[in-house]
Amino acid sequence: MKQYNVCVVGIGAVGTEMVRLLKRRNFPVKSLVILARSERTETIDGDPYPVKVAQPDAFTGMDFAFFAGTEGAKGASQTLGWEAVKRGCVVIDNGDDFRMDPRVPLVVPEINPEALKEHQGFIANPNCSTIIALMPLAELHKAARLRRLIASTYQAVSGTGGAAIRELDAQTRAWVAGQPLPREVYPHPIAFNLIPCVGSFKDESGESTEEVKMRRETHKILGDASIRVSTTCVRVPVFNAHSISINAEFEKPLSPDEARALLAKAPGVTVVDDPKQAVYPMPLDASGKYDVLVGRIRRDPTVENGLALWCAGDNIWKGAAQNAIQIAEVMVQRGWIRR
Ligand SMILES: NC(=O)c1ccc[n+]([C@@H]2O[C@H](COP(=O)([O-])OP(=O)(O)OC[C@H]3O[C@@H](n4cnc5c(N)ncnc54)[C@H](OP(=O)(O)O)[C@@H]3O)[C@@H](O)[C@H]2O)c1
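Residues numbered from 1 in each chain as written. Predicted model: local features only at pLDDT ≥ 70, side-chain atom pairs only at ≥ 80, totals over all residues. Heavy atoms only, no water.

The next subject is the overall build of the protein chain. Within the protein chain, the regular secondary structure consists of eight helices and 13 strands. Here the protein chain has a C-alpha radius of gyration of 20 Å; the compact-globule value for 339 residues is 20 Å, and the two agree. For the C-alpha atoms alone, the extent of the protein chain along its principal axes is close to 60 × 55 × 40 Å. Burial statistics for the protein chain: of 339 residues in total, 54% are counted as buried. By element, 51% of the accessible surface of the protein chain is carried by carbon and sulfur atoms, the whole surface being about 15300 Å². Placing the 41 positive and 39 negative side-chain charges of the protein chain at their respective mean positions leaves the two points 2 Å apart. (Helix = DSSP H or I, 4+ residues; strand = E, 2+ residues; numbered from the N terminus. Rg over C-alpha atoms; globule rule 2.2 N^0.38 Å. Buried < 20%, exposed > 50% of the residue type's maximum accessible area, 1.4 Å probe, protein only. Areas by Shrake-Rupley, 256 points an atom, 1.4 Å probe, with all protein chains shown as cover. Lys, Arg positive; Asp, Glu negative; His and termini not counted. Charge placed at Lys NZ, Arg CZ, Asp CG, Glu CD.)

Laid out in structure tokens, this is it:
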């Protein structure tokens, strides 16, 4: 089997899982190079990995570059993403910088793999909450056509990155010891609290950047901008795995049993739905799983063809690193690497 020269840019929460999952999923890696802002050695699962400073020439000879650096003008994707493409490398980017760029396919392999066919070397991974919500919804959309989506997210601190994981840990310990809570990442304590802001508030709409991303990305991935989407994104004191409450209205009727049967067959989705026996998706169970867990499937009695459901998925795996690797796997399997 052909093997590939692979590069991971950024070695924080997502980059680290990227390295783990490349190994765990047996991705055909010929060589692995890790790039970040500073040179050092990182230890992952006991193995030392040299980290080099990211710069354009590092991409020469690379087949795939998985970008997991921070977003924005100084971030890796904006400064180096297209430089890597120019050097013949396929970039799969975890950040938001180019998700809505018309040149860039926005892909969840179980939902819209065909979007990869005409790629121009740069592919974007959707936002973690969008991926986790759409994994069950896309299957139901195929059967009954989604018209309106109301979603409330319960997002783990790992979604903010490594520093936020350390902040929840430090605040929890300080709380138990009766000491003042150390605070650097979030504007409020996250331990024993909820923060109804994920991202920031940039415009006058009152929506956070995460909420805007969920609508736009849903439209791009499902290829239907007429779906009405309203979300409320909330950061919760959970270390890993996002949970999402969903109310969905469809064009055609779809009973909870029909939805359960469709979801039971959907790739990448596991139905966990026996509430009377206390069986439902929870972040502790979703963490470290490839599949998105879905349950609490019931009728939404407030609209004619409505369903309510609850899902939980690993935001670092399916919401980021795993989805990115699955994109590369599809490209390898279908021979869609070269453009
Ligand atoms: N965490 C999630 O659940 C999640 C989900 C979906 C998407 N994402 C996206 O994935 C990306 C990474 O997130 P994360 O949570 O892993 O962040 P993180 O823990 O803060 O790590 C960021 C990494 O990026 C590196 N970096 C930053 N600017 C760079 C540059 N200009 N050149 C090279 N490397 C650079 C940093 O290098 P140093 O270590 O040298 O400082 C660090 O290793 C972000 O775009 C994020 O929005 C995250």
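Now that the structure is up, let's keep going.
This brings us to the nonpolar core. A general feature of soluble globular proteins is that nonpolar side chains tend to end up buried together. Formed by 56 residues in total, the largest nonpolar core has its most connected members in Phe59, Phe67 and Ile246. The element best represented in this core is helix H3 (residues 128–144), accounting for nine residues. A domain split of this core shows at least three residues from each of domain 1 (4–126 + 320–334) and domain 2 (130–315). When residues no more than four places from it in sequence are discounted, the contact partners of Phe59 are Cys7, Val9, Leu35, Ala65, Phe67, Leu80, Ala84, Arg87 and Cys89. (Core = buried A, V, L, I, M, F, W, Y, C linked by side-chain atoms within 4.5 Å. Domains from an automatic or database assignment. Contact = heavy atoms within 4.5 Å.)

The pairing of strand S11 (residues 269–271) with strand S12 (residues 292–299) spans three bridges and is parallel. Counterpart to Val269 in the pairing with S12 is Val292. Of the strand pairs in this sheet, S12 and strand S13 (residues 306–313) are connected by five bridges, and their pairing is antiparallel. The residue of S13 that forms the bridge with Leu293 is Ala312. Between S12 and S13, which pair antiparallel one after the other, the connecting turn spans six residues. (Pairing = 2+ DSSP bridges.)

This paragraph deals with helix H1 (residues 13–24). In this model, H1 (12 residues) spans 17 Å end to end at C-alpha, consistent with the 16 Å of a helix rising 1.5 Å per residue. Counting buried residues along H1, nine of its 12 residues qualify, which places the element largely inside the surrounding structure. Within the span of H1, buried status applies to Ala13, Val14, Gly15, Thr16, Glu17, Met18, Val19, Leu21 and Leu22. With its phi angle positive at about 55°, Asn26 sits one or two positions after the end of H1. (Expected span 1.5 Å × (residues − 1).)

Our next topic: the sheet that holds S13. Read from one edge of the open sheet, six strands run S9-S8-S10-S13-S12-S11, paired in mixed fashion. Each edge of the open sheet carries a strand with a single partner, namely strand S9 (228–235) and S11. Averaged over all pairs of adjacent strands, the angle between strand axes in this sheet comes to 20°, irrespective of strand direction. Running over the sheet, H3 touches strand S8 (146–155), strand S10 (242–250), S11, S12 and S13 and is turned about 30° from S10. Its contacts with the sheet place helix H6 (residues 256–265) against S11, S12 and S13, and it is angled at close to 165° to S12. (Axes fitted to C-alpha atoms, helices over the stretch in contact; angles between N-to-C directions.)

Okay, the domain arrangement of the protein chain next. Bring the parts together and some accessible area is lost; that lost area is often taken as the interface size. Domain boundaries in the protein chain define domain 1 (4–126 + 320–334) and domain 2 (130–315). For domain 1 versus domain 2, the distance between C-alpha centres works out to 24 Å. The partner domain 2 presents 18 residues to the 19 residues of domain 1 that form the contact. Between domain 1 and domain 2 the total buried area reaches about 1600 Å² when both faces are included, carbon and sulfur atoms providing 63% of it. When the buried area of domain 1 at its contact with domain 2 is split by residue, Met100, Glu110 and Ile111 rank highest and sum to 31% of it. Applying the counting rule to domain 1 against domain 2 returns one salt bridge. Note that Glu217 and Arg99 form a salt bridge whose closest N and O atoms lie 3.1 Å from each other. (Buried area = accessible area lost by both parts, 1.4 Å probe. Salt bridge = Lys/Arg side-chain N within 4 Å of Asp/Glu carboxyl O.)

Moving on to a nonpolar patch on the surface. Together, Trp175, Val176 and Phe192 line one region of the surface with nonpolar side chains, adding up to about 370 Å² of accessible area. Tracing the sequence through the fold places Trp175 in helix H4 (residues 162–176). Note on Trp175: relative accessible area 47%, which makes it partly exposed. (Patch = residues over 30% accessible without salt bridge, like charges linked within 9 Å, V, L, I, M, F, W, Y side chains within 5 Å.)

Another aspect to go through is the site of the ligand. The environment of the ligand is made up of 29 residues, and the closest members are Ile11, Val14, Arg37, Arg40 and Glu71. For the ligand, a nitrogen atom lies 3.1 Å from a polar atom in the side chain of Thr70. The contact in question runs from an oxygen atom of the ligand to an N or O atom on the backbone of Gly162, over 3.1 Å. In the complex, the protein chains occlude 86% of the 910 Å² of accessible area that the ligand would expose alone. If you list the elements that add at least two residues to the shell around the ligand, you get H1 and helix H8 (317–334). (Near = heavy atom within 4 Å. Polar contact = N/O pair within 3.5 Å; in protein donor to acceptor, adjacent residues only side chain to side chain.)

Here we take up unusual backbone geometry. Glycine aside, the phi torsion of most residues is negative, and most peptide linkages are trans. A positive phi is found at Ala278, a non-glycine position, where the angle reads about 60°. Along the chain, Ala278 falls in the loop between S11 and helix H7 (283–286). Located in the positive-phi region is Arg296, a residue other than glycine, with phi close to 50°. Assignment of secondary structure puts Arg296 in strand S12. By relative accessible area, Arg296 is classed as partly exposed at 35%.

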